[in-house]
There are 2 protein chains.
Amino acid sequence: MPSDLGHALLGLLARRPSTGYELARRMQRPVGFFWTAGHSQVYPELARLEDDGLVEHDEVPGRGPLPTKRYRPTAAGLDALRTWVVADLAPQPVRDLEVLRLWSLWVVEPEAAAGLVERVRAGHAERLAAYEADLASLAGDPAALEPDSPAFASRLTLEGGRLTRRAALEWCDLMLAELRRPR
Amino acid sequence: MPSDLGHALLGLLARRPSTGYELARRMQRPVGFFWTAGHSQVYPELARLEDDGLVEHDEVPGRGPLPTKRYRPTAAGLDALRTWVVADLAPQPVRDLEVLRLWSLWVVEPEAAAGLVERVRAGHAERLAAYEADLASLAGDPAALEPDSPAFASRLTLEGGRLTRRAALEWCDLMLAELRRPR
DNA sequence: TTCGGCATGTAACGGGTTACATGATTGA
DNA sequence: TCAATCATGTAACCCGTTACATGCCGAA
């Protein structure tokens with residue numbers, strides 16, 4: 001049974017066959033919005049998936065010094081993906097370095113703290129803009145309304161990003177108001 | 001210069017001197033809401049911080065087979081914490097296994113997908129309840145209004161958790177509505 | 001001609017999780 | 001008496017990041 005990364009790659013390949021290089025780029029965006037991997041992770045994982053009979057490849061003309069391989073999921077690979085998607089999921093530990101810092105912001109002067117919050121806010125605003133751009137490009141696609149279409153799932157995840165980033169902006173504004181309240 | 005974990009420990013010790021064991025427990029909650037660490041990480045990291053002169057300890061009576069050590073930050077440790085809190089922060093890659101699954105939810109039947117979303121929703125609801133419980137216990141504390149008090153920073157981070165989890169619940173409800181819309 | 005993109009892989013390192021190891025005290 | 005809690009540490013393993021290594025093609 002593959003790792004989380006393996007399932008991430010199966011999810012990408014279920015949408016569209018790709019080379020390792022393409023998968024590594026697709027892991028930056030849009031999948032990189034919630035999961036990332038470099039190419040040095042992708043190539044060994046593809047080999048493992050192939051050993052397990054979950055993906056297969058053919059060689060296509062390419063521009064690298066080594067043969068260019070295009071991968072696609074096998075029937076067993078799609079089964080594994082379907083099983084994993086709805087499998088029991090242990091509560092995920094959260095790991096958020098920004099919040100970790102904000103938790104200690106009482107040790108610095110309010111003005112310095114406000115500066116930090118401004119920068120955090122800018123990061124959320126940037127991410128929100130990216131989500132909305134991707135959502136806009138899906139807006140005209142009728143497939144985005146069909147639950148068995150990849151565009152549908154893409155739309156829902158982007159919608160989630162939008163809602164949570166908006167909440168984060170609201171939170172930053174709340175912090176700024178408190179930090180700058182005259183005293 | 002210490003790792004992120006080291007700064008997390010300094011942040012805890014700045015609030016209250018503790019033994020390694022206590023730090024490991026405090027890393028489960030409330031700090032565990034956004035950063036976690038097991039005791040097997042804590043003990044070596046404390047030794048490193050002490051080598052760097054950022055924390056110091058004295059031995060107190062305890063119940064373990066080895067001497068019980070109570071740690072507190074040194075002046076240099078508090079300086080390091082202050083510097084780190086407002087230091088430049090690279091945009092953080094997000095790693096969210098739940099969203100990764102939802103991104104592939106188009107491969108399963110809508111009813112099964114809705115079941116997954118229900119479970120995700122329950123997790124958010126549970127976390128939200130924890131935030132609100134902690135917020136309630138801070139409600140009467142006048143220190144929670146003073147920007148140089150730990151309670152102030154605790155309140156703001158909990159407020160952030162509340163806002164983002166509420167947004168997540170809203171999102172889950174949106175997904176459920178779409179998955180169950182008659183077709 | 002030089003830089004960026006295509007294209008594949010390996011190796012070293014660091015951090016996190018899980019398991020191993022020990023042992024006293026307190027409460028059910 | 002048995003389990004949980006206090007209390008400290010080490011070791012093995014897995015995963016992710018960064019760096020190493022190679023080399024062609026097209027555009028500026």
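In the block above lies the structure referred to throughout.
What counts and what doesn't
Residues numbered from 1 in each chain as written. Chains lettered and ligands numbered in written order. Predicted model: local features only at pLDDT ≥ 70, side-chain atom pairs only at ≥ 80, totals over all residues. Heavy atoms only, no water. Contact = heavy atoms within 4.5 Å. Buried area = accessible area lost by both parts, 1.4 Å probe. Salt bridge = Lys/Arg side-chain N within 4 Å of Asp/Glu carboxyl O. Helix = DSSP H or I, 4+ residues; strand = E, 2+ residues; numbered from the N terminus. Nonpolar A, V, L, I, M, F, W, Y, C, P; charged D, E, K, R; others polar. Buried < 20%, exposed > 50% of the residue type's maximum accessible area, 1.4 Å probe, protein only. Near = heavy atom within 4 Å. Polar contact = N/O pair within 3.5 Å; in protein donor to acceptor, adjacent residues only side chain to side chain. 1 Å grid on protein atoms, 1.4 Å probe; cavity = no way out; pocket = protein on both sides within 12 Å on 5 of 7 lines; lining within 4 Å. Points joined across faces, edges and corners; volume = space filled by probe spheres on them. Least-squares fit on C-alpha atoms with pLDDT ≥ 70 in both.

Regarding the interface of chain A and chain B
Contacts between the two partners involve 67 residues from chain A and, on the opposite side, 67 residues from chain B. Here chain A packs against chain B, burying approximately 6800 Å² in sum over the two surfaces, 69% of which is carbon and sulfur. When the area that chain A buries against chain B is broken down by residue, the three leading residues are Arg101(A), Trp103(A) and Trp106(A), summing to 14%. For the pair chain A and chain B, the number of links is four salt bridges. Residues Glu178(A) and Arg155(B) are paired through a salt bridge, measuring 2.3 Å at the closest nitrogen-oxygen approach. At the level of secondary structure, the elements contributing two or more residues to the side of chain A that touches chain B comprise helix H1 (4-15), helix H4 (75-86), helix H5 (97-102), helix H6 (110-138) and helix H7 (150-180) of chain A. The biggest single contributor to the side of chain A that touches chain B is H7(A), with 20 residues. The residue makeup of the side of chain A that touches chain B, split by class, is 40 nonpolar, nine polar and 18 charged.

Brief notes about the pattern of salt bridges
This structure, assessed with the given rule, holds 27 salt bridges over all chains. When the shortest N-O distance is used, the salt bridge between Glu118(B) and Arg180(B) registers 3.1 Å. On the criterion of sequence distance, the pair formed by Glu118(B) in helix H6 (residues 110-138) and Arg180(B) in helix H7 (residues 150-180) is long-range, its members being 62 residues apart. Exposure remark for Glu118(B): the relative accessible area of 34% places this residue in the partly exposed category. Through salt bridges that share partners, Glu132(A), Glu159(A), Arg162(A) and Arg166(A) make up one connected network.

Some words on the side chain of His124(B)
Relative to the helices and strands, His124(B) resides in helix H6. Once residues lying within four places of it in the same chain are set aside, the contact partners of His124(B) are Glu98(B), Arg165(B), Ala168(B), Leu169(B) and Cys172(B).

Examining the protein's contact with DNA strand D
Contacts to DNA strand D come from 20 residues, most closely from Ser40(A), Gln41(A), Tyr21(B), His39(B) and Lys69(B). At a separation of 2.6 Å, a phosphate oxygen of DNA strand D approaches a polar backbone atom of Tyr21(B). In the model, a phosphate oxygen of DNA strand D is placed 3.1 Å from a nitrogen or oxygen of the Arg95(B) side chain. Every element with two or more residues in the surface near DNA strand D is listed here: helix H3 (39-51) of chain A together with helix H2 (20-26), helix H3 (39-51) and strand E3 (68-73) of chain B. Looking at the surface near DNA strand D residue by residue, the class counts come to seven nonpolar, eight polar and five charged.

Points about the layout of surface pockets
The gaps left among the atoms become clear once a water-sized probe is rolled over them. Residues and elements named next belong to chain A. Approximately 540 Å³ is the volume found for the second largest pocket. Lining the second largest pocket are 19 residues, with Tyr 21, Tyr 43, Pro 67, Thr 68 and Lys 69 sitting closest to its centre. Listed by contribution, the elements that provide at least two residues to the lining of the second largest pocket are helix H2 (20-26), H3 and strand E3 (68-73). If you tally residues by element for the lining of the second largest pocket, the top one is E3, at four residues. Per-class residue counts for the lining of the second largest pocket are ten nonpolar, five polar and four charged.

Notes on the relation of the copies chain A and chain B
For the pair chain A and chain B, the relating rotation is 180 degrees, the translation along its axis is 0.0 Å, and the fit reaches an RMSD of 0.0 Å. Expressed as an axis order, the relation between the two copies is that of a two-fold axis. The position closest to the rotation axis in chain A is occupied by the C-alpha of Thr164(A), lying 2.7 Å away. Comparing interface residues between copies, 100% of those in chain A also lie at the interface in chain B; the contact surface is shared.

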